[in-house]
Each structure stands twice: as structure tokens, then as C-alpha cells.
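# Notes for the structure review
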Amino acid sequence: MTDEVTPARFHPLGWRVMAYAACTHYRTGSLGAGARLAEAIGRVAETSGKDAHVDLRPAGVTVRLPVNESGQLSEDDVDLAGEIAAAAAELGLTIDLDGLQTTQVAIDALSIPDVMPFWKAVLAYETFGDTLIDPRHEGPTVWFQQMDAPRPERNRIHIDVYLPQEQAEARIEAALAAGGRVVYEGHAPHWWTLADHEGNEVDVAPWPDREEGG
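Just so we're clear, the structure is a prediction, and the values are computed from it rather than from any experiment.

### Section: the overall build of the protein
Each helix and strand in the protein was counted, giving 4 helices and 13 strands. Computed over C-alpha atoms, the radius of gyration of the protein comes to 18 Å, within 12% of the 17 Å expected from 2.2 N^0.38 for 214 residues, which places it in the range of a compact globule. Projected onto its principal axes, the C-alpha coordinates of the protein cover approximately 55 × 40 × 35 Å. Out of the 214 residues in the protein, the part that is buried amounts to 39%. For the protein, contacts bridging at least 24 residues in sequence account for 66% of all contacts bridging at least 6. For the protein, the exposed surface amounts to about 11,600 Å²; the carbon and sulfur share of it is 52%.

Shown next, in the form of C-alpha cells:
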């Protein structure tokens, strides 16, 4: 099946959709327990014929199901997420979304075709539309935002932090308490632009996991 699905289809499974993947994290407590889950994920992913990116650490396992070439997730992805959730439950593992996030570097450019090849070469990344991705899926993505005119008064590079929507408000409050400020909220509640004391910017984005009315 290839029909696009909304982020809400993943929510009952304990998954969230952030940037370019459906994601979740399972608390394991040990490397051995995490390895058993990773092995189970490998089996169900191979049977489904789809990719699953697994980050195994001593305390837990983060799983991401990346979007397809069209930037979409499908019912097949929902089915795979359900199988992974069932495998984790069978191993007695619990979902822990606290701290689950995806980061991205965003570069404002007047001529994206002129600057994108430089970053692709220097990072040894691959092209995915207007975004560069790490072929090993370890580093942050790099996205290029089209500028209409120079903006010398603002930074040309900022960080995007994608979060589950239930974590975004607390993260913003923590950033403000640490000396930050909101510089733009015209796109809220999909994302807020914050800056540190010297004006360096970051977008906190519960998108695309947040849906209208959700």
C-alpha cells in the first residue's frame, strides 16, 4: 500500500512523526535488552521489505521509519510500526518519548543551486529534494531555505529542533528560562523561532506531528 497517512495514525502505537520519519524510543535499561529488540526489529523490517533505522544505546533504542522519495509515510509504515510495537511489548519494553527529537541545520540562501553543492561535498551528504542527508543517517539533515533578498541583520544559519507536540511547550519554557527569547511566532503552533542572548536562532517545531485541531 502507498496511500499517504497522517501523523495521527501513528499516535496510538506510541510513535510520533518528526521531520522526515516516524519515530519512537523504547527504554531498555541494558545493551543486551536493546540488542534483542534490535534483532526483532530487523526480522519484521526484513519481512515487510521496508527500511527501519535503529539507534541502539545502553539505555534504549530509537527507531525511525523514513519517508519515501515523495516525502510521505504510508499504511505500510503504520503496519511496520505496529509490528515493532508488538515485538517491544512482547519483550516487556516500554515507550519513552521524553527527549525524543530530530535536529536539522537550516541555511538561508539567495541561490540554493550555488551553495548546496558546497555543503554536499564538504559533508559528504546525499541530496533529498532541497535537503541534504547523511548517508549513514547519523548526522543532522541540512535544509536550504530560499531567500528573496539579503538579510544582514539576521543569521543565515539556524537550528531546527523537531519534537513531539506534547514536549514543545516545556522545551520553549526551558529555553526562555535559560535566557532565550521568542523572536517570531507567526507560524505557531507549528513552530516558534527563538534566539539566545546574542541573537542566534533556533526553531522549535512540533511539526508535522501536530495537525490542525489536534
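### Looking at the sheet that holds strand 11 (residues 181-184)
Spatially, 7-8-9-6-10-13-12-11 is the arrangement adopted by the 8 strands of the open sheet, whose pairing is mixed. The outermost strands of the open sheet, each flanked by one partner alone, are strand 7 (126-128) and strand 11. The sheet shows a mean angle of 30 degrees between the axes of neighbouring strands, taken without regard to direction. Relative to strand 9 (residues 141-146), strand 8 (residues 131-133) is paired through 2 bridges, and the arrangement is antiparallel. Looking at strand 9, one finds that leucine 132 is bridged to valine 142. Contacts between helix 3 (residues 112-123) and the sheet are confined to strand 6 (102-109), strand 7, strand 8, strand 9 and strand 10 (157-162), with strand 9 contributing the most and set at about 170 degrees to the helix.

### Quick word on the packing of helix 1 (residues 31-48) against helix 2 (residues 75-90)
Direction vectors running N to C along helix 1 and helix 2 enclose 150 degrees, while the axes themselves pass 10 Å from each other. Accordingly, the angle class assigned to the pair helix 1 and helix 2 is roughly antiparallel. Note on packing geometry: the crossing formed by helix 1 with helix 2 is right-handed. Only Leu80, Glu83, Ile84, Ala87 and Ala88 of helix 2 make contact with helix 1, whose side of the interface consists of Leu37, Ala40, Ile41, Val44, Ala45 and Ser48. A per-class count over the contact of helix 1 with helix 2 returns 9 nonpolar, 1 polar and 1 charged.

### Brief notes about the nonpolar core
In this structure, Phe10, Trp15, Tyr26 and Ile84 are the most contacted members of the largest nonpolar core, which totals 21 residues. Looking at this core, the elements that each hand over two or more residues are strand 2 (21-27), helix 1, strand 4 (60-66) and helix 2. The element contributing the most residues to this core is helix 2, with 6 residues. Beyond its immediate sequence surroundings of up to four residues, tryptophan 15 is in contact with Phe10, Ala22, Cys23, Thr24, Tyr26, Val63, Leu65, Ala81, Ile84 and Ala85.

### So, the environment of leucine 163
The residue leucine 163 is located in the loop between strand 10 and helix 4 (165-177) in this model. Owing to a relative accessible area of 0%, leucine 163 belongs among the buried residues under this scheme. Expressed as a C-alpha distance, the spacing of leucine 163 and tyrosine 125, which sit 38 residues apart in the sequence, is 24 Å. Dropping the residues within four chain positions of it, leucine 163 is found in contact with Met18, Leu100, Gln101, Ala168, Arg171, Val204, Ala205 and Pro206.

### A word on the environment of threonine 141
One can find threonine 141 in strand 9. Look at threonine 141 and you get buried, because its relative accessible area is 14%. Counting along the chain gives 10 residues from threonine 141 to threonine 131, while the straight-line C-alpha distance between them is 6.8 Å. Beyond its immediate chain neighbours, meaning those up to four positions away, threonine 141 contacts Tyr20, Thr103, Gln104, Val105, Thr131, Leu132 and Ile133. Side-chain polar atoms of threonine 141 contact the side chain of glutamine 104, separated by 2.9 Å.

### Thoughts on the side chain of arginine 16
Assignment of secondary structure puts arginine 16 in strand 1 (residues 16-18). With relative accessibility at 13%, the residue arginine 16 sits in the buried group. Those residues within four positions of arginine 16 in sequence are excluded, and the remaining contacts are His11, Ala21, Ala22, Cys23, Leu97, Pro164, Glu166 and Asp209.

Rules and cut-offs
- Position numbers for residues count from 1 along each chain, tracking the sequence in the order it is written.
- It should be noted that, the model being predicted, local features are given only for residues of pLDDT at least 70 and side-chain atom pairs only at 80 or more, the latter also being counted only at that level, while totals for whole chains, interfaces and linings use all residues.
- Heavy atoms from the whole structure form the basis of all side-chain values; hydrogens and water molecules are not counted.
- Secondary structure is summarised from DSSP: a helix means a run of H or I of at least four residues, a strand means a run of E of at least two, and numbering begins at the N terminus for each.
- Taken over C-alpha atoms, the radius of gyration is set against a globule rule of 2.2 Å times the number of residues to the power 0.38.
- Only protein chains enter the accessibility calculation, which uses a 1.4 Å probe; a residue is then buried when its area is under 20% of its type maximum, exposed when over 50%, and partly exposed in between.
- In what follows, residue pairs with any heavy atoms lying within 4.5 Å of each other are defined as contacts.
- Note that accessible areas follow from Shrake-Rupley with a 1.4 Å probe, and for residues the cover is restricted to the protein chains shown.
- Should DSSP find at least two bridges between two strands, the strands are regarded as paired.
- Geometry is summarised by axes, namely lines fitted to C-alpha atoms with helices restricted to the contacting stretch, and by angles between N-to-C directions that run from 0 to 180 degrees.
- In these notes the angle categories are as follows: under 35 degrees is roughly parallel, over 145 is roughly antiparallel, 65 to 115 is roughly perpendicular, and the rest is oblique.
- By convention the crossing between two helices is left-handed if the near helix lies anticlockwise of the far one by an angle smaller than a right angle, and right-handed if it lies clockwise.
- Residue polarity follows a fixed list, in which Ala, Val, Leu, Ile, Met, Phe, Trp, Tyr, Cys and Pro are nonpolar, Asp, Glu, Lys and Arg are charged, and the others, Gly among them, are polar.
- Residues enter a nonpolar core if they are buried and are Ala, Val, Leu, Ile, Met, Phe, Trp, Tyr or Cys, with the set joined through side-chain atoms within 4.5 Å.
- A 3.5 Å cut-off defines polar contacts: any pair of N or O atoms within that distance qualifies, except that in protein one atom must be a possible hydrogen donor and the other a possible acceptor, and neighbouring residues in sequence count only when both atoms are side-chain atoms.

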